[in-house]
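Okay, here's what each chain looks like letter by letter:
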Amino acid sequence: MRSTSHAFKDNAHRALDDQVLQRAMGIMKTGFLDKRLQAIEGLPEFDALRDAAREIKNHTLAHLDWYLERYETKVKEAGGEVHWARTPAEACAIVLEICERLGARTAAKGKTMIAEEIGLNEYLAENGVAPVETDLGEYIIQIRNEPPSHIIAPAIHLTKEAVADSFRATHTAMDPARSLAEPRDLVDEARQVLREKFFAADVGITGANFLIAETGSSVIVTNEGNGDLTQLLPRAHIVLASLEKVVPTLEDAATILRVLARSATGQDMSAYTTFSTGPRRADDLDGPAEYHVVLLDNGRSALLGSEFREILRCIRCGACMNHCPVYAAVGGHAYGWVYPGPMGAVLTPSLIGIENARDLPNASTFCGRCESVCPMRIPLPKLMRRYRELDYERKLAPRAMRWGIGVWAYFAKRPPLYHFIAAVAAQVLGLLGRRHGSFYNLPLASGWTATREFPAPEGRTFQELWFKRNRAPKTRATR
Amino acid sequence: MPAPTPADRPRVGLFVTCLVDFFRPSVGFAAVKLLEDAGCSVEVPALQTCCGQPAYNSGDRRDSKDLARRTIALFEPYDYVVVPSGSCGGMIKEHYPHLFEEEARWHQRATALARRTYELVSFLHDVRGVRRVEARFTGSVAYHDSCSGLRELGIKQQPRTLLGSVEGVKIAELADAEVCCGFGGTFCVKYPEISDKMVSAKTADIVRTGADALLAGDLGCLMNMAGKLKRDGHEIAVRHVAEVLAGMTEAPPIGESGRKER
């Protein structure tokens, strides 16, 4: 997927003006946050589970090579195949090769962020294979020709009215007078349209929430059941997953599953949790004839040895973005690539380079809410700050900003000079602002004063007043 | 908790913070009164400037370490360091040790200081055991939980308990109290449009409480919210919580001139 992360500010500006987006984001708040809170209140051991989940991932990441090899062995034993892809291009080529060998014309797709990361839909379409999204949200954005704006709710930037408009524009064979006012109508119509496509699909492509080393299984969680149809009906099931999805055992997956859905949607478990191990066996009633796993690296093995390793614990629940006030203000598209919100602010520069995404880790108030809800306890603000340091060290940060910090630090390290200048400035600004108590316009703070008053200082600094008040020698013993 | 040296009258070094020093000395004097009332002897080291947080959060590690070293050396002689800000308090308490993870000696000094550093209201409540203050303030107040204080230092109940003891105060709880106001230090300058969107949501919640006053423990957040409320024409008095707890509300509210009757 091509990135516009470098243009975050412009993207954000447009997003703030987008009325549909702003209405849709207002609805998100009650949907995810309250339900998560209820789910967690009902589970006293939630924090202990978070610790356990973190340890499982830390352990796996520390021995990733071993678990990946074990996983590959088990997939082969079950009759499947594992394909290793270093880059998006390699991953795309592997998928296409399978499609071409089977003479596939259409590919049904369950929700997979890795497909977004490697730009699979575009690639398949260019090469004669039509990708059909079967997740409702993914289907909506596919017919609108948009990328997802959230990792678990790809169409969260849209209102139901906007979706109805898109359905009318796309499903032209249907009765134009039909009602699409209620979410139920939209779901029914999508189901009707998609059902036919499932049967027509030659291959089914899904992502994976986990890969299990001890059994060679891949696991997906969905609420629509589309993933199961996607992987059961076609002749081949292709699993797209990145390296860090592997966990050692079924038990480990079960532990992380307990924090995943609660953090994501506030459900105890998603409606469908599906374990797939190899292709159809002789005595199976259904299932694909071929089972392939495409394991994507795309920079992750390098990340493993870096100070950003902890982001590899991420299980893509979306809690960080659901709770992020910046995400709530601008939505997911503003972030410009596959992964938005706080986890995206760390993962995006990790995968496409800080020079292409410097705004993402900078556009945070460090309010810390993401870290406080992350089920895997990823220290997101700390990792974002580390990217700011790289940004600053490499002089990618705007000159004016670096200059401003430099000048300020120069004075802050020279207390007498600092206090003298502060006292003069406070007095001048205090006088200028005395009448109104604040400034309507302040040249160096125009970003602030465009929409807010800038409060005026009282006129004397504390230091000045304090030392005037305590001129008696005994209280000057401050060093 | 540190060994309480002279338990009867600990020596407190007040870290004023650069914002309080420059914009609102009243908060500093309110802090001094509250600390003295709580039996502390208060000193203000003259060579303090800023904790270094603007540099730290901008990625300028070198300057933030320089400023951290100065602050550590300056405040080491005191039994406690008290800060009328959750954000600057969090910087010293949570982030100084992290800054020096690879310098053993400084790490030790940073950690030792961090253990003795507190945000003002939580110091009064948790360390000095203060449950009541002698103050009057008429009206209903909304209290905003600033992010660093709330999530780094666990400050939530302490200011409410102390405010509850102020004669005449009624506390009006904010919806979405744990959501950031959009200040974020340099964030509000670097991304003013996003910051404005966030503070607009916050001030809408504030107005909805019907409170007469808005209080918080961090001047940066207060200036942001006060500036927005005033621009939109809302007459809600915005003050640092220390002013109300100390009964020192003579100064006009933040962003006001005091010329009109409030």
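Here the residue numbers are simple positions, counted from 1 along each chain's written sequence. For naming, the first written chain is A and the first written ligand is 1, with later ones following in the order written. Only residues with pLDDT of at least 70 get local features here, since the model is predicted, and only at 80 or more are side-chain atom pairs given and counted; chain-wide, interface and lining totals rely on the full set of residues.

1. Observations regarding the overall build of chain A
Now for step 1: Numbering of helices and strands starts at the N terminus; helices are DSSP runs of H or I of at least 4 residues and strands are runs of E of at least 2. Summing up its helical and strand segments, chain A has 23 helices and 12 strands in all.
Now for step 2: Its C-alpha atoms give chain A principal-axis dimensions of about 95 × 60 × 45 Å.
Now for step 3: Think of it as a crowd count around each C-beta: if 20 or more other C-beta atoms lie within 10 Å the residue is buried, if 12 or fewer it is exposed, and in between it is partly exposed, with C-beta placed from the backbone throughout. Evaluated residue by residue, chain A yields a buried proportion of 49% over its 479 residues.
Now for step 4: Placing C-beta atoms from the backbone, we regard two residues as in contact once those atoms come within 7 Å. Considering only contacts within chain A whose residues lie at least 6 apart along the sequence, 75% involve residues at least 24 apart.

2. Regarding the nonpolar core
Now for step 1: Any nonpolar core is a set of buried residues, restricted to Ala, Val, Leu, Ile, Met, Phe, Trp, Tyr and Cys, that join up through C-beta atoms within 7 Å. Membership of the largest hydrophobic core comes to 224 residues, with the highest contact counts inside it found for Ala107 and Val294 of chain A together with Val82, Met225 and Leu245 of chain B.
Now for step 2: With residues near it in sequence (within four places) discarded, Leu245 of chain B still touches Leu34, Val133, Ala135, Leu162 and Val166 of chain B.

3. Here we look at unusual backbone geometry
Residue and element names in this part refer to chain A.
Now for step 1: In this structure, Arg316 is a non-glycine residue whose phi angle is positive, near 60°.
Now for step 2: The topology assignment puts Arg316 in the loop between helix H13 (300-304) and helix H14 (319-322).
Now for step 3: With 16 C-beta atoms counted inside 10 Å, the residue Arg316 sits in the partly exposed group.
Now for step 4: In this model, Phe366 sits at a positive phi of 55°, which is unusual for a non-glycine residue.
Now for step 5: Looking at the secondary structure, you find Phe366 in the loop between helix H17 (359-362) and helix H18 (369-373).

4. Quick look at the interface of chain B and chain A
In many analyses, interface size is given as the accessible surface area lost on bringing the parts together.
Now for step 1: On the side of chain A, 56 residues touch chain B, which itself brings 62 residues to the contact.
Now for step 2: Elements with a contribution of two residues or more to the side of chain B that touches chain A: helix H1 (18-23), helix H2 (25-37), helix H3 (53-58), helix H4 (61-75), helix H8 (147-153), helix H10 (187-190), helix H11 (192-209) and helix H12 (219-231) of chain B.
Now for step 3: We call Asp, Glu, Lys and Arg charged. Ala, Val, Leu, Ile, Met, Phe, Trp, Tyr, Cys and Pro are nonpolar, and the rest, Gly among them, are polar. By residue class, the composition of the side of chain B that touches chain A is 31 nonpolar, 12 polar and 19 charged.

5. Structural notes on the sheet that holds strand S7 (residues 213-216) of chain B
Residue and element names in this part refer to chain B.
Now for step 1: We call two strands paired when DSSP finds no fewer than two bridges between them. An order of S6-S5-S7-S8 is seen for the 4 strands of this open sheet, with the pairing classed as parallel. One side of each edge strand has no neighbouring strand; the edge strands of this open sheet are strand S6 (167-172) and strand S8 (237-240). Going across the sheet, the axis of each strand differs from the next one's by a mean of 35°, ignoring polarity.
Now for step 2: Bridge analysis of S7 against S8 gives 4 bridges, and the strand direction is parallel. Bridge pairing in S8 places Ala216 opposite His240. Axes here mean lines fitted to C-alpha atoms, for a helix over just the part in contact, with angles spanning 0 to 180 degrees between N-to-C directions.

6. What about the environment of Ser350 of chain A?
Now for step 1: Locating Ser350 of chain A in the fold gives a position in helix H16 (residues 341-352).
Now for step 2: As for Ser350 of chain A and Ala24 of chain A, which are separated by 326 residues in sequence, their C-alpha atoms are 29 Å apart.

7. Description of the environment of Tyr96 of chain B
Residues and elements named next belong to chain B.
Now for step 1: Relative to the helices and strands, Tyr96 resides in helix H5 (residues 86-99).
Now for step 2: It is 31 Å that separates the C-alpha atoms of Tyr96 and Lys197, two residues lying 101 residues apart in sequence.
Now for step 3: Setting aside its immediate chain neighbours within four residues, Tyr96 contacts Ala68, Ile72, Met91, Ala110, Leu113 and Ala114.

8. What to know about the sheet that holds strand S1 (residues 81-85) of chain A
All names here are of chain A.
Now for step 1: Strand order in the open sheet formed by 6 strands is S1-S10-S7-S4-S2-S3, with parallel pairing between adjacent strands. At either margin of the open sheet sits one strand with a lone partner, and together these are S1 and strand S3 (130-133). For this sheet, the mean inter-axis angle between neighbouring strands, taken without regard to orientation, is 25°.
Now for step 2: Sheet topology note: the strand S2 (residues 106-109)/S3 ladder contains 4 bridges and is parallel. Considered in S3, the bridge of Ala108 is made with Val132.

9. Points about the pairing of strand S6 (residues 217-222) of chain A
Each regular strand carries side chains that alternate between the two faces of the sheet.
Residue and element names in this part refer to chain A.
Now for step 1: Among the 6 residues that make up S6, 6 are buried, leaving the element largely enclosed by the rest of the structure.
Now for step 2: Examined bridge by bridge, strand S5 (residues 210-212) and S6 share 3 bridges and lie antiparallel to one another. From the neighbouring strand, Ile212 faces S6, where its bridge partner is Ser217.

10. Focus on the confidence of the model for chain A
Now for step 1: Of all residues in chain A, 98% attain a pLDDT of 70 or more, and the chain-wide mean is 94.
Now for step 2: pLDDT gives the predictor's per-residue confidence on a scale running from 0 to 100. Every residue in residues 475-479 of chain A scores below 50 in pLDDT, and together they form 8 contacts with partners more than four places removed in sequence or on other chains.

11. Considerations on H4 of chain B
A turn of α-helix holds 3.6 residues, and therefore any two residues three or four places apart point the same way.
Residue and element names in this part refer to chain B.
Now for step 1: How far a helix is expected to stretch is found by multiplying one less than its residue total by 1.5 Å. For H4, which comprises 15 residues, the first-to-last C-alpha distance of 21 Å matches the rise-based estimate of 21 Å (1.5 Å per residue) to within 8%.
Now for step 2: All of the buried residues in H4 are Asp63, Ser64, Leu67, Ala68, Thr71, Ile72, Leu74 and Phe75. All buried residues of H4 fall inside an arc of 165° around its axis, so they share one side. Along the arc lie the directions from the helix axis toward the C-beta atoms.

12. Quick word on the pairing of strand S1 (residues 11-14) of chain B
Residue and element names in this part refer to chain B.
Now for step 1: Where S1 lies against strand S2 (residues 41-43), 3 bridges are found, and the strand directions are parallel. Residue pairing across strands places Val12 opposite Val42, the latter belonging to S2.
Now for step 2: The sheet contact formed by S1 and strand S3 (residues 80-83) spans 3 bridges and is parallel. The residue bridging Leu14 from the neighbouring strand is Val82, located in S3.

13. Focus on the packing of helix H7 (residues 120-127) of chain B against helix H9 (residues 157-164) of chain B
Residues and elements named next belong to chain B.
Now for step 1: Look at H7 against H9: their axes get within 9 Å of each other, and the N-to-C directions meet at 80°. In this view, H7 runs roughly perpendicular relative to H9, as classed from their interaxial angle. Residues Val121, Ser122, Leu124, His125 and Asp126 of H7 pack against Gln158, Pro159, Thr161 and Leu162 of H9.
Now for step 2: Residues of the contact of H7 with H9, tallied by class, amount to 4 nonpolar, 4 polar and 1 charged. Under this scheme an angle from 65 to 115 degrees is roughly perpendicular, one under 35 degrees roughly parallel, and one over 145 degrees roughly antiparallel; angles in between are oblique.

14. Overview of helix H23 (residues 462-469) of chain A
Now for step 1: Listed in full, the buried residues belonging to H23 of chain A are Phe462, Gln463 and Trp466 of chain A. The buried residues of H23 of chain A all sit within an arc of 95° when viewed along its axis, so they share a single face.
Now for step 2: Buried positions along H23 of chain A lie against helix H21 (415-432) of chain A together with H1 and H2 of chain B.

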